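A look at the structure
Here is how the chains run, residue by residue.
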Amino acid sequence: MTMQQPVPVGIFDSGVGGLSVLRAVREFMPEQDILYLADQAHVPYGPRPLLQVREFAEGITRFLLDRGARLIVVACNAASAASLHYLRNTFPDVPFVGMEPAVKPAAEQTRSGVVGVLATPATFQGALYASVLERFARDVTVLQDTCPGLVAEVESGNLEGDAVREILTNALSPMLQAGIDTVVLGCTHYPFVIPLIQEIAGPGVRVIDPAPAIARQTRRLLSQNGWGLNGTGSIQCFTTGPVESMKLLVKQLLGDDLPVEHATWEGGVLSCNSRQSSH
Ligand code: DGL
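Throughout what follows, the structure given in this document is the object of discussion. Model, not experiment: these values are computed from the prediction. (Residues numbered from 1 in each chain as written. Predicted model: local features only at pLDDT ≥ 70, side-chain atom pairs only at ≥ 80, totals over all residues. Heavy atoms only, no water.)

1. Thoughts on the sheet that holds strand 1 (residues 9-13)
- Strand order in the open sheet formed by six strands is 4-3-1-2-9-10, and the pairing between neighbours is parallel. Both edges of this open sheet fall to strand 4 (96-97) and strand 10 (260-262), since each of them pairs with a single strand only.
- Across two bridges, the pairing between strand 3 (residues 71-74) and strand 4 is parallel. Within strand 4, the position partnered with Ile72 by the bridge is Phe96.
- Helix-sheet contacts for helix 2 (residues 50-66) involve strand 1, strand 2 (34-38), strand 3, strand 4 and strand 9 (235-239), and the interaxial angle to strand 1 is about 150°. (Pairing = 2+ DSSP bridges. Helix = DSSP H or I, 4+ residues; strand = E, 2+ residues; numbered from the N terminus. Contact = heavy atoms within 4.5 Å. Axes fitted to C-alpha atoms, helices over the stretch in contact; angles between N-to-C directions.)

If you want it as structure tokens, here you go:
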């Protein structure tokens, strides 16, 4: 491939959460071509064993590379916790951008010295999170909550109903009582409920969505590899779940009609018949 040819970026998540990262990548690099995979057949990843999530991440990476992606954004904290090291070892020629809860900027910015992290169980269990706490949170108090059920609500397009409000109130109330002034979103589904988080937490609490930093890192890695920003801004989505509901969610969450194709798991391998394209 010459430097003149566009280099698609592959982005994946257990479901629609990674669209919060896709949105930031697109805002930052409008000409970037993107392949997006939502593994909705397996969502949520958060309660699953890390080894299983790692197998999904490997299968998805192979799928995206086969379809032309040259750089992979693991737009999922749970999948990053489960697989980032493994993916970098397994695909040494592929640059990966992974996610870890943004405890570092939170610890730097907090004035109260108390920070909240919202993420899924897989993320809290992974060695990556332990190392983030070890490196950056020595001098701050970190409170955690897994927001049970929140990923499923976002996957259903519920961004503000009573159920979502209850989950967030349960998570944030003890944190607010403990004096947090910063909330880290350690799951890519959660930025879609920032308005409600901000409403419950109040204007004095800063909410950190890591997506813009991930977009900047993606651009840095593209240019480090000599890959120019010369695509056409084309976006192709795939889901391992139902295509029609994914299309509606993409429209709801991003405001666009994007092409969505179905991809099928078979014996740990993902495949897609392009003629099934429904766009
Ligand atoms: N969006 C994913 C994350 O960032 C995981 C959600 C899930 O499937 O549990 O962790």
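2. Some words on the site of the ligand
- The local shell around the ligand holds 14 residues, among which Ser14, Tyr45, Gly46, Asn77 and His189 are the closest.
- Contacts to the ligand include Asp13, whose side-chain N or O atom sits 3.0 Å from a nitrogen atom.
- Here an oxygen atom of the ligand and a backbone polar atom of Thr188 are 2.8 Å apart.
- Protein chains bury 100% of the 300 Å² of accessible surface belonging to the ligand in isolation.
- When its residues are assigned to classes, the shell around the ligand shows seven nonpolar, six polar and one charged. (Near = heavy atom within 4 Å. Polar contact = N/O pair within 3.5 Å; in protein donor to acceptor, adjacent residues only side chain to side chain. Areas by Shrake-Rupley, 256 points an atom, 1.4 Å probe, with all protein chains shown as cover. Nonpolar A, V, L, I, M, F, W, Y, C, P; charged D, E, K, R; others polar.)

3. Examining the packing of aromatic side chains
- This structure, assessed with the given rule, holds five aromatic pairs.
- Ring plane angle 85° and centroid distance 5.1 Å describe the contact between Phe63 and Phe238, whose orientation is recorded as edge-to-face. In this pair, Phe63 is assigned in helix 2 and Phe238 in strand 9, connecting sequence segments 175 residues apart.
- Looking at Phe238, the relative accessible area reads 1%, which means it is buried.
- Here Phe91 and Phe96 contribute two aromatic rings whose centre-to-centre distance is 6.3 Å and whose plane-to-plane angle is 50°, an arrangement assigned as tilted. With respect to class, Phe91 is no different from Phe96; both count as buried.
- Among the aromatic side chains, those forming a connected cluster through ring pairs are Tyr45, Phe56 and Trp265.
- Looking at Arg54, its charged tip hangs above the ring of Tyr86, at a distance of 3.9 Å from the centre.
- Of note, Arg219 hangs over the ring of Phe28, and the distance from its end group to the ring centre comes to 5.0 Å. (Phe/Tyr/Trp six-rings, centres within 6.5 Å; stacked < 30°, edge-to-face > 60°. Buried < 20%, exposed > 50% of the residue type's maximum accessible area, 1.4 Å probe, protein only. Lys NZ or Arg CZ within 6 Å of the ring centre and 35° of its normal.)

4. Brief notes about the pairing of strand 5 (residues 114-118)
- Of all five residues in strand 5, five are buried; the element is thus mostly enclosed.
- Burial along strand 5 is two-sided: Val114, Gly116 and Leu118 facing one way and Val115 and Val117 facing the other are all buried.
- In terms of strand pairing, strand 5 meets strand 6 (residues 141-145) through five bridges, oriented parallel. Within the sheet, the bridge partner assigned to Val117 lies in strand 6 and is Gln144.
- In terms of strand pairing, strand 5 meets strand 7 (residues 182-185) through four bridges, oriented parallel. Following the sheet pairing, Leu118 is matched in strand 7 by Leu185.

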